[in-house]
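# Breakdown of the fold
Letter by letter, the chains look like this.
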Amino acid sequence: MRRLFALFGLALCLCGLSGTGCRSTGEPSAAHFAAVEIRGNTPGQISAMTATVFQEHGFKATEPGFDHLVFEKKGSTMNEIAYGGWMGETPVWVRVKLSVVPVAEGTCRLQCDAYLVQDKGSPIEEEKRIGSMHRGQYRKLLEEVARRLNPQ
């Protein structure tokens, strides 16, 4: 009986811990995926350079805008294996949603969220947020935008 009580207590603790995330307080949710701060450029300049960088990396703009942009490209073979259908009739797509957010005088944050999209364009289209362990490749794209705008 004592062992059963201990197992129950352990299970309860694990459930409690799984409900709490590794989230910092006070940060915008998009900052948890990928973001960079860019100084000395207008939101329009940042958006234009973002479009250039993402297009050079195989993305196509689906919602070009001034402070909100969306880019997509066909997913990789690994995306297809992990998230696509077994028959391969509908490819998996990568969708990146970006925002340019003014944070101070002359400083903007370029931030993004990335998703894997199944059944793109259909009534049952589904976006699955890409996990934070894959944020590095998107952060590199954002850093490339910042570097091109402010080469040093």
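Quantities reported herein were computed from a predicted structural model and do not represent experimental measurements.

## Quick word on the packing of aromatic side chains
Both the distance between ring centres and the angle between the ring planes are used here to describe each pair of aromatic rings. Per the stated rule, a full pass over the model turns up 3 aromatic pairs. Here the aromatic rings of Phe 33 and Tyr 138 are separated by 5.5 Å at their centres, their planes lie at 45°, and the arrangement is tilted. Of this pair, Phe 33 sits in the loop between helix 1 (2-19) and strand 1 (34-39) while Tyr 138 sits in helix 4 (residues 135-149); the two residues are 105 residues apart in sequence, bridging distant segments of the chain. Overall, the relative accessible area of 4% leaves Tyr 138 in the buried class. Among the aromatic residues, those joined into a ring-pair cluster are Phe 54, Phe 59 and Phe 71. Against the face of Tyr 115 rests Lys 97, its NZ or CZ located 5.0 Å from the ring centre. Positioned above the aromatic ring of Trp 93, the side-chain terminus of Lys 120 is 4.1 Å from the ring centre.

## Comments concerning the pairing of strand 5 (residues 107-118)
In terms of residue burial, strand 5 counts as a mostly covered element, since 12 of its 12 residues are buried. As judged from the 6 bridges shared by strand 1 and strand 5, these two strands associate in the antiparallel manner. Looking across to strand 5, one finds that Ala 34 is bridged to Cys 112. Note: strand 4 (residues 93-104) against strand 5, 11 bridges, orientation antiparallel. Of the residues in strand 5, the one forming a bridge with Pro 102 is Cys 108. Between strand 4 and the antiparallel strand that follows it, strand 5, lie 2 residues; Gly 106 among them carries a positive phi value of about 75°. With 4 bridges joining them, strand 5 and strand 6 (residues 126-129) adopt antiparallel strand pairing. If you follow Leu 116 over to strand 6, its bridge partner there is Lys 128.

## So, the confidence of the model for the protein
Of the residues in the protein, 76% reach a pLDDT of 70 or more, and the chain-wide mean stands at 79. Predicted confidence is poor over residues 1-31, with pLDDT under 50, and the contacts of this stretch with residues over four places away or in other chains come to 9 contacts.

## A look at helix 4
With 15 residues, helix 4 extends 21 Å between its outermost C-alpha atoms, agreeing within 8% with the 21 Å of an ideal straight helix rising 1.5 Å per residue. Along helix 4, the residues classified as buried are Tyr 138, Leu 141, Leu 142, Glu 144, Val 145, Ala 146 and Leu 149. In the core, the buried residues of helix 4 are packed alongside strand 1, helix 2 (43-56), strand 4 and strand 5.

Quick notes on the rules
- Residues numbered from 1 in each chain as written.
- Predicted model: local features only at pLDDT ≥ 70, side-chain atom pairs only at ≥ 80, totals over all residues.
- Heavy atoms only, no water.
- Phe/Tyr/Trp six-rings, centres within 6.5 Å; stacked < 30°, edge-to-face > 60°.
- Helix = DSSP H or I, 4+ residues; strand = E, 2+ residues; numbered from the N terminus.
- Buried < 20%, exposed > 50% of the residue type's maximum accessible area, 1.4 Å probe, protein only.
- Lys NZ or Arg CZ within 6 Å of the ring centre and 35° of its normal.
- Pairing = 2+ DSSP bridges.
- pLDDT = per-residue confidence, 0-100.
- Contact = heavy atoms within 4.5 Å.
- Expected span 1.5 Å × (residues − 1).

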